[in-house]
Amino acid sequence: MDIIVLKPDTPEQNIALILAKLESKGLKANVSHGTERTIIGVIGDTSKVTEEEEAAISAMTGVENVVRILKPYKLASRDFRKENSIIDVAGIPIGGKKIQVMAGPCAVENSKNLFDVAQQVKSAGAMFLRGGAYKPRTSPYSFQGLGEEGLRILADARAATGLPVVTEIMDPRDIEAIVKYADVIQIGARNMQNFRLLLEVGSTNKPVLLKRGLSATIKEWLMSAEYIMSRGNQQVMLCERGIRTFETATRNTLDLSAVPVLKQLTHLPIVVDPSHGVGKWDLVAPMAKAAVAAGADALMIEVHVNPAEALSDGEQSLRPDMFAQLMKELKPVAQAVGREI
Ligand code: PEP
Ligand code: MN
């Protein structure tokens with residue numbers, strides 16, 4: 001028994017009785033009020049619930065039926081929630097008809113560059129500003145990000161432009177600072193299975209952008225989303241950013257088939273990051289268009305005022321004018337698949 005579907009208009013006191021019953025079995029619950037049905041997601045080791053106990057719960061007032069989910073992820077599963085989840089970030093919905101675009105540099109380098117790029121991506125139609133203050137670099141000698149100073153610059157750029165900010169957390173010790181400054185917390189590919197970090201962001205009420213690990217299967221990725229959701233934070237979006245394959249022509253292989261696969265398996269919004277997917281600026285636009293055609297709910301694109309001088313990922317960053325051109329070219333693609341951008 002993993003999901004309890006309630007009859008419409010079940011009174012709160014009956015729901016409370018069901019929750020108390022679950023608690024007495026050592027289980028926790030997540031109540032989701034959908035448009036048609038209220039559903040209780042049961043959290044914990046449900047395999048220990050006996051058939052008799054399950055029958056007793058089925059008989060409680062307000063219970064329409066109980067469902068066992070065979071998939072190892074539950075709260076993230078489409079079986080748990082049929083409708084697409086829409087995540088509201090500062091009044092901007094992610095997962096609805098409009099495809100939201102998150103744009104900005106790989107790393108926050110200084111306030112002038114960030115303000116410049118923020119203003120330009122905003123006028124091109126981006127709805128979010130991205131930028132890393134803590135950077136997961138392969139080499140310890142490469143630029144590691146400005147840390148908290150970078151977070152403050154991001155917050156200033158948000159104040160100046162109104163664009164909500166997406167930024168990466170690498171260490172649970174930075175959670176307080178990130179929660180204070182960020183609108184969306186990014187978990188990077190390298191930390192997709194950093195379970196302590198997942199639990200930490202799961203305990204906040206900030207939306208989380210969970211990138212796919214470098215070699216993670218879709219199932220492993222959804223299990224990581226489940227870690228976050230099991231702590232009570234349901235505002236998770238999944239970001240495909242390319243996986244490791246034998247191919248060396250591109251930095252990674254952008255797995256766009258993950259988008260329709262995820263649409264079947266989960267109700268969570270899906271973001272595609274073509275920049276890290278391909279690693280080359282001139283391949284970003286075609287893959288961004290393909291991502292929209294495949295059904296992405298949002299795009300994350302690296303843009304830098306002067307890519308040749310960027311401290312990280314310059315080779316895959318678009319100049320603001322190229323980004324503006326791409327935004328125009330994405331419009332008819334979005335329209336063709338019944339979306340807006
Ligand atoms: C980034 O967004 O700049 C980043 C480091 O991404 P990823 O974790 O996908 O490599
Ligand atoms: Mn980057």
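Cut-off values and rules
- Residues numbered from 1 in each chain as written.
- Chains lettered and ligands numbered in written order.
- Predicted model: local features only at pLDDT ≥ 70, side-chain atom pairs only at ≥ 80, totals over all residues.
- Heavy atoms only, no water.
- Helix = DSSP H or I, 4+ residues; strand = E, 2+ residues; numbered from the N terminus.
- Rg over C-alpha atoms; globule rule 2.2 N^0.38 Å.
- Buried < 20%, exposed > 50% of the residue type's maximum accessible area, 1.4 Å probe, protein only.
- Donors = N, O, S within 2.8 Å, 3.2 Å for Na, K, Ca; no water.
- Core = buried A, V, L, I, M, F, W, Y, C linked by side-chain atoms within 4.5 Å.
- Domains from an automatic or database assignment.
- Contact = heavy atoms within 4.5 Å.
- 1 Å grid on protein atoms, 1.4 Å probe; cavity = no way out; pocket = protein on both sides within 12 Å on 5 of 7 lines; lining within 4 Å.
- Points joined across faces, edges and corners; volume = space filled by probe spheres on them.
- Nonpolar A, V, L, I, M, F, W, Y, C, P; charged D, E, K, R; others polar.
- Near = heavy atom within 4 Å.
- Polar contact = N/O pair within 3.5 Å; in protein donor to acceptor, adjacent residues only side chain to side chain.
- Areas by Shrake-Rupley, 256 points an atom, 1.4 Å probe, with all protein chains shown as cover.
- Sits in = over half its atoms within 2 Å of the grid points.
- Salt bridge = Lys/Arg side-chain N within 4 Å of Asp/Glu carboxyl O.
- Pairing = 2+ DSSP bridges.
- Axes fitted to C-alpha atoms, helices over the stretch in contact; angles between N-to-C directions.

**Here we look at the overall build of the protein**
(1) Moving on: For the protein, the count of helices and strands is eleven helices and 14 strands.
(2) Moving on: Relative to the 2.2 N^0.38 estimate, which gives 20 Å for 341 residues, the radius of gyration of the protein is 21 Å and therefore close to what a compact globule would have.
(3) Moving on: Over its C-alpha atoms, taken along the principal directions, the protein stretches across nearly 65 × 45 × 40 Å.
(4) Moving on: The buried share of the protein, taken over its 341 residues, is 55%.

**Points about the coordination of the manganese ion (ligand 2)**
(1) Moving on: Coordination of the manganese ion (ligand 2) by the protein is provided by Cys106 (SG), His276 (NE2), Glu302 (OE) and Asp313 (OD), with metal-donor distances spanning 2.1 to 2.4 Å.
(2) Moving on: In primary-sequence terms, the residues that donate to the manganese ion (ligand 2) follow C-x169-H-x25-E-x10-D. A residue pair is termed long-range when its members are at least 10 positions apart, and Cys106 in the loop between β7 (100-104) and α3 (111-124) and His276 in helix α9 (residues 274-278) qualify at 170 residues.

**Quick word on the nonpolar core**
(1) Moving on: Membership of the largest hydrophobic core comes to 77 residues, with the highest contact counts inside it found for Leu210, Leu299, Ile301 and Phe323.
(2) Moving on: Domain assignment of the residues forming this core places at least three in each of domain 1 (3-67) and domain 2 (87-336).
(3) Moving on: Not counting the four nearest positions on each side in its chain, Leu210 is found in contact with Ile187, Met192, Leu198, Trp221, Ser224, Ala225, Ile228, Val236, Met237, Leu238 and Cys239.
(4) Moving on: Of all hydrophobic cores here, the second largest spans 14 residues; its members include Ile87, Met237, Cys239 and Met300.

**Quick notes on the domain arrangement of the protein**
Quoted interface sizes are often the accessible area lost when the parts come together.
(1) Moving on: What the domain assignment reports for the protein is domain 1 (3-67) and domain 2 (87-336).
(2) Moving on: Using C-alpha coordinates to define each centre, domain 1 is positioned 36 Å away from domain 2.

**Let's talk about the layout of surface pockets**
(1) Moving on: Size it by volume and the largest pocket reaches roughly 350 Å³.
(2) Moving on: What lines the largest pocket is a set of 20 residues, and nearest its centre among them are Pro136, Arg190, Arg241, Arg251 and His276.
(3) Moving on: Along the wall of the second largest pocket there are 14 residues; nearest its centre are Arg37, Ile39, Phe80, Lys82 and Glu83.
(4) Moving on: Here the residues of the lining of the second largest pocket sort into five nonpolar, three polar and six charged.

**A few points about the site of ligand 1**
(1) Moving on: Taken together, 13 residues surround ligand 1, and among them Arg130, Lys135, Ala189, Lys211 and Arg241 come closest.
(2) Moving on: Between ligand 1 and Gln186 there is a distance of 3.0 Å, counted from an oxygen atom to a side-chain nitrogen or oxygen.
(3) Moving on: One of the backbone N or O atoms of Ala189 is found 2.7 Å from an oxygen atom in ligand 1.
(4) Moving on: The protein chains hide 97% of the 290 Å² of surface that ligand 1 would expose on its own.
(5) Moving on: If you map ligand 1 onto the pockets, it falls in the largest pocket.
(6) Moving on: Grouping the constituent residues of the shell around ligand 1 by class yields three nonpolar, three polar and seven charged.

**Comments concerning unusual backbone geometry**
(1) Moving on: Residue Ala90 is not a glycine yet carries a positive backbone phi of 50°.
(2) Moving on: Within the secondary structure, Ala90 sits in the loop between β5 (87-89) and β6 (92-94).
(3) Moving on: Located in the positive-phi region is Asp313, a residue other than glycine, with phi close to 55°.
(4) Moving on: For Asp313, the location among the structural elements is in the loop between β14 (298-302) and α11 (320-336).
(5) Moving on: On the basis of relative accessibility, which here comes to 12%, the residue Asp313 falls in the buried class.

**Notes on the pattern of salt bridges**
(1) Moving on: In the structure shown here, the tally under the stated rule is 21 salt bridges.
(2) Moving on: With a shortest N-O distance of 2.8 Å, Asp297 and Arg339 are connected by a salt bridge. Here the residue Asp297 occupies a position in the loop between α10 (281-294) and β14, and Arg339 occupies one in the segment after α11, the gap between them amounting to 42 residues. One exposure class covers both Asp297 and Arg339, and it is buried.
(3) Moving on: Several salt bridges share partner residues, and in doing so they unite Glu148, Glu149 and Arg152 into one network.

**Details of the pairing of strand β2 (residues 28-33)**
(1) Moving on: Where β2 meets strand β3 (residues 38-43), six bridges bridge the pair, whose relative direction is antiparallel. When the bridges of β3 are listed, Val31 appears paired with Ile40.

**A few points about the sheet that holds strand β1 (residues 3-6)**
Strands in a sheet are paired, the pairing made by backbone hydrogen bonds, and the direction either parallel or antiparallel.
(1) Moving on: Spatial ordering of the open sheet is given by β2-β3-β1-β4, a layout of four strands whose pairing is antiparallel. The open sheet terminates on both sides in strands that have one partner only, identified here as β2 and β4 (63-67). The mean angle between the axes of side-by-side strands here comes to 20°, regardless of whether they run parallel or antiparallel.
(2) Moving on: Relative to β3, β1 runs antiparallel, the two sharing three bridges. Bridging from a neighbouring strand, Ile3 pairs with Gly41 of β3.
(3) Moving on: Here helix α1 (residues 12-24) sits on the sheet and contacts β1, β2, β3 and β4; the angle it forms with β3, its principal contact strand, is near 15°.

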